[in-house]
Amino acid sequence: MKKVVISVENLSKTYGEGESAVTAIKEATFEIYAGETVALLGPSGSGKTTLITMIGCITEPTTGKLTLDGELMYDKQWKINDTGRIRREKIGFIFQAHNLIPFLNVLENVTLVPQMNGVKSDEANQTAKELLEYLGVSDKLTKMPSQLSGGQSQRIAIARSLANKPKVILADEPTAALDGERALSVMQLLRKLAHEQDVAIIVVTHDERMLPLFDRILRVEDGVVKEAI
Ligand SMILES: Nc1ncnc2c1ncn2[C@@H]1O[C@H](COP(=O)(O)OP(=O)(O)O)[C@@H](O)[C@H]1O
Ligand SMILES: [Mg+2]
């Protein structure tokens, strides 16, 4: 039996109030298992970013229930005192712009969050080196982000998202800035990671060519989330 890592029950988000209120996600219900890669598809403005930032405990839902890795996060209100801790411990984020910190080198970028979580620097460095090796960029340890290509930066961003050994990886168009071949290799890497390390990965993508690489596809249309067959 596969373990449920993300459980979303009737989760909704309304921005604003009264006449100007916009319901960006309407009663979404689904489960995602350890080791699964799930694509989130949908037109611009359909609610994809709202959904993954709620799952990532960045955007506060309006109603419903969210459970991550067996821990209740939200049930009509936050059930945890420190959403920042949850983000650092359970979740890895990858964004379209890789968001590497420009004045830290590659190794420092990857070890930052584990060190914030109290991991000793020797251990954080060791894990970071292993990850960078795994991602094929171990020769970049002391390079600054400005010295990297787009594909290399995105690999470093993936290493960083994995450094805290998350159960969940949330990626918002992680390959949008890459050419077709590099985009495909980044996606293949994410798939391999999910399967080998039992991580649940949700990727927002517009790229139809990527779809065969996913175990499942969820479609969002006007705030309604549906399983695509
Ligand atoms: N911070 C916000 N305040 C008000 N409305 C927002 C906010 N963020 C998103 N929205 C609205 O919610 C809807 C869904 O947006 P979003 O989740 O960004 O969609 P997508 O990522 O699919 O493009 C849109 O109508 C958008 O205008
Ligand atoms: Mg978006």
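Residues numbered from 1 in each chain as written. Chains lettered and ligands numbered in written order. Predicted model: local features only at pLDDT ≥ 70, side-chain atom pairs only at ≥ 80, totals over all residues.

1. Let's talk about the packing of helix 3 (residues 106-116) against helix 4 (residues 121-134)
Phase 1: At their nearest, the axes of helix 3 and helix 4 sit 9 Å apart, and the two run at 130° to each other. For the element pair helix 3 / helix 4, the angle class is oblique. Remark: the crossing between helix 3 and helix 4 carries right-handed chirality. The segment helix 3 lies against helix 4, with Leu-107, Val-110, Thr-111, Pro-114 and Gln-115 engaging Ser-121, Ala-124, Asn-125, Thr-127, Ala-128, Leu-131 and Leu-132.
Phase 2: Looking at the contact of helix 3 with helix 4, its residues break down into seven nonpolar, five polar and no charged. (Axes fitted to C-alpha atoms, helices over the stretch in contact; angles between N-to-C directions. Helix = DSSP H or I, 4+ residues; strand = E, 2+ residues; numbered from the N terminus. Parallel < 35°, antiparallel > 145°, perpendicular 65-115°, else oblique. Left-handed = near helix turned anticlockwise from the far one by under 90°. Contact = placed C-beta atoms within 7 Å. Nonpolar A, V, L, I, M, F, W, Y, C, P; charged D, E, K, R; others polar.)

2. Overview of the nonpolar core
Phase 1: Counting residues in hydrophobic clusters, the biggest one holds 60 residues, and the most contacted among them are Leu-40, Leu-51, Ile-55, Ala-159, Val-168, Leu-170 and Ile-201.
Phase 2: Looking at this core, the element that brings in the most residues is helix 6 (residues 180-197), giving six residues. (Core = buried A, V, L, I, M, F, W, Y, C linked by C-beta atoms within 7 Å. Buried ≥ 20, exposed ≤ 12 C-beta atoms within 10 Å, placed from the backbone.)

3. Focus: the packing of helix 3 against helix 5 (residues 150-162)
Phase 1: Where helix 3 contacts helix 5, the axes come no closer than 7 Å and their chain directions differ by 25°. Taken together, helix 3 and helix 5 sit at an angle that is classed as roughly parallel. Here helix 3 runs over helix 5; the crossing is right-handed. Across from Val-106, Asn-109 and Val-110 in helix 3, the residues of helix 5 making contact are Ile-156, Ala-159 and Arg-160.

4. A short note on the site of ligand 1
Phase 1: Taken together, Tyr-15, Gly-16, Val-22, Ala-24, Gly-42, Ser-44, Gly-45, Ser-46, Gly-47, Lys-48, Thr-49 and Thr-50 make up the full set of residues adjacent to ligand 1.
Phase 2: Elements that contribute at least two residues to the shell around ligand 1 include exactly strand 2 (22-33) and helix 1 (48-55).
Phase 3: Among the elements that line the shell around ligand 1, the one with the most residues is helix 1, at three residues.
Phase 4: By residue class, the composition of the shell around ligand 1 is three nonpolar, eight polar and one charged. (Near = placed C-beta within 6 Å.)

5. Focus on the sheet that holds strand 6 (residues 91-95)
Phase 1: An order of 6-7-8-3-9-10 is seen for the six strands of this open sheet, with the pairing classed as mixed. Taken across any chain shown, the strands that pair with only one partner, and hence form the sheet edges, are strand 6 and strand 10 (224-228). Across the sheet, the mean angle separating the axes of adjacent strands is 20° when strand polarity is ignored.
Phase 2: As defined by bridge partners, strand 9 (residues 216-221) adjoins strand 10 across five bridges and the pair is classed as antiparallel. Bridging across to strand 10, Leu-218 finds its partner in Glu-227.
Phase 3: Sitting on the sheet, helix 5 is in contact with strand 6 and strand 7 (168-172), with an inclination near 165° to strand 6. (Pairing = 2+ DSSP bridges.)

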